[in-house]
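Here is what each chain is made of, one letter per residue.
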Amino acid sequence: MAVRLLLAALLGALPARAERELRFRPPAEAPVRLFTEPELARYDGQQEGQPIYLAVKGVVFDVTSGKKFYGKGAPYNALVGKDSTRGVAKMSLDPADLTHDITGLTEEELKSLDDIFNNVYKAKYPIVGYTSRRILNEDGSPNLDFKPEDQPHFNIKDEF
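To continue, consider the sheet that holds strand β1 (residues 34–35). Within the open sheet, the 4 strands sit side by side as β1-β4-β3-β2. Their pairing is mixed. Of all strands in the sheet, those with a lone pairing partner are β1 and β2 (53–56), marking the two edges. Note that strand β3 (residues 59–62) and strand β4 (residues 127–131) share 3 bridges and pair antiparallel. Bridge pairing links valine 59 to tyrosine 130 in β4.

Take the pairing of β4 next. In this structure, β1 lies alongside β4, joined through 2 bridges in parallel fashion. When the bridges of β4 are listed, phenylalanine 35 appears paired with threonine 131.

A surface patch of nonpolar side chains, amounting to about 260 Å² of accessible area, comprises Phe69, Tyr76 and Leu93. Residue placement: leucine 93 occurs in the loop between α5 (85–90) and α6 (107–124).

Here aspartate 62 lies in strand β3. A distance of 2.5 Å separates the side chain of aspartate 62 from the side chain of threonine 64, its partner in a polar contact.

Per the counting criterion, the structure on display carries 8 salt bridges. For glutamate 37, the salt bridge identified is with arginine 133, shortest N-O distance 2.5 Å. Placement of glutamate 37 in helix α3 (residues 37–41) and of arginine 133 in helix α7 (residues 132–135) is noted, with a sequence separation of 96 residues between them.

This part covers the side chain of serine 84. If you trace the backbone, serine 84 turns up in the loop between α4 (67–70) and α5. Serine 84 sits in the buried class, given a relative accessible area of 0%.

Judged by nonpolar contacts, the single largest core of 21 residues is most densely connected at Leu54, Val56, Phe61, Val63, Tyr70 and Tyr121. Counting residues per element, the ones that place at least two in this core are β2, β3, α5 and α6. In terms of residue count, α6 provides more of this core than any other element does, 4 residues in total. In contact with valine 56, other than residues within four places in its own chain, are Phe61, Asp83, Thr85, Val88, Leu113, Phe117 and Tyr121. Core analysis: the next-biggest nonpolar cluster, separate from the first, contains 6 residues, Leu40, Tyr43, Tyr53 and Val60 among them.

The next point concerns the confidence of the model for the protein chain. A residue-level look at the protein chain finds 73% of positions with pLDDT of 70 or above and a mean pLDDT of 82. Scored below 50 in pLDDT, residues 1–14 shows 11 contacts in the model against residues more than four places distant or in partner chains. In this model, residues 18–28 is a region of pLDDT below 50 whose contacts with residues beyond four sequence positions or in other chains number 4 contacts.

Moving on, we get to the packing of aromatic side chains. Applying the stated criterion across every chain, the model contains 8 aromatic pairs. For the ring pair phenylalanine 35 and tyrosine 53, a centre distance of 5.6 Å and an interplane angle of 85° mean the geometry is edge-to-face. With phenylalanine 35 in strand β1 and tyrosine 53 in strand β2, this pair connects stretches of sequence that are 18 residues apart. Seen in terms of ring centroids, phenylalanine 61 and tyrosine 121 are 5.7 Å apart; in terms of plane orientation they differ by 35°. Their pairing is tilted. Of this pair, phenylalanine 61 sits in strand β3 while tyrosine 121 is found in helix α6, placing the two residues 60 residues apart along the sequence. Taking the relative accessible area as the measure of exposure, phenylalanine 61 reaches 0% and is therefore buried. Three or more aromatic residues joined by ring pairs make a cluster, and in this case those are Phe61, Tyr70, Tyr76, Phe117, Tyr121 and Tyr125. The ring of phenylalanine 117 has lysine 57 lying over it, and the distance from NZ or CZ to the ring centre is 4.5 Å.

About the thresholds
Residues numbered from 1 in each chain as written. Predicted model: local features only at pLDDT ≥ 70, side-chain atom pairs only at ≥ 80, totals over all residues. Heavy atoms only, no water. Pairing = 2+ DSSP bridges. Helix = DSSP H or I, 4+ residues; strand = E, 2+ residues; numbered from the N terminus. Patch = residues over 30% accessible without salt bridge, like charges linked within 9 Å, V, L, I, M, F, W, Y side chains within 5 Å. Areas by Shrake-Rupley, 256 points an atom, 1.4 Å probe, with all protein chains shown as cover. Salt bridge = Lys/Arg side-chain N within 4 Å of Asp/Glu carboxyl O. Polar contact = N/O pair within 3.5 Å; in protein donor to acceptor, adjacent residues only side chain to side chain. Buried < 20%, exposed > 50% of the residue type's maximum accessible area, 1.4 Å probe, protein only. Core = buried A, V, L, I, M, F, W, Y, C linked by side-chain atoms within 4.5 Å. Contact = heavy atoms within 4.5 Å. pLDDT = per-residue confidence, 0-100. Phe/Tyr/Trp six-rings, centres within 6.5 Å; stacked < 30°, edge-to-face > 60°. Lys NZ or Arg CZ within 6 Å of the ring centre and 35° of its normal.

Here it is, written out as structure tokens:
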């Protein structure tokens, strides 16, 4: 087959099947999208027609399908447009808890966080990206231990 393709290419006539095989194929998996805090804040449910994003444990979920819970004026709207990991763990909407910081959480709160993360967010909502804090170290270098929740074969070393 390879010889036929080479000959056909040299002669200028590719069989239709071979031509289809040579066309661009999209990647099997979407690229990992990185969200900075200001970018994530734009998806806070305040603008009609715009997606609503919520980050937990540095994973950004599209919670638009739960608009009645997360949209403008909805009961959990305070959680969206940011990484609300601590608030989810503590089941709190206190503005002081709406942060990525899990310092000082109890074992029970950490277990609750994992349960909600896996059985609610990962089970119900599509992952659209990751916070910069999850992918990058404090100095801006790549976090070599980063593994996307939705792309188990991803290797960050291939990206840099």
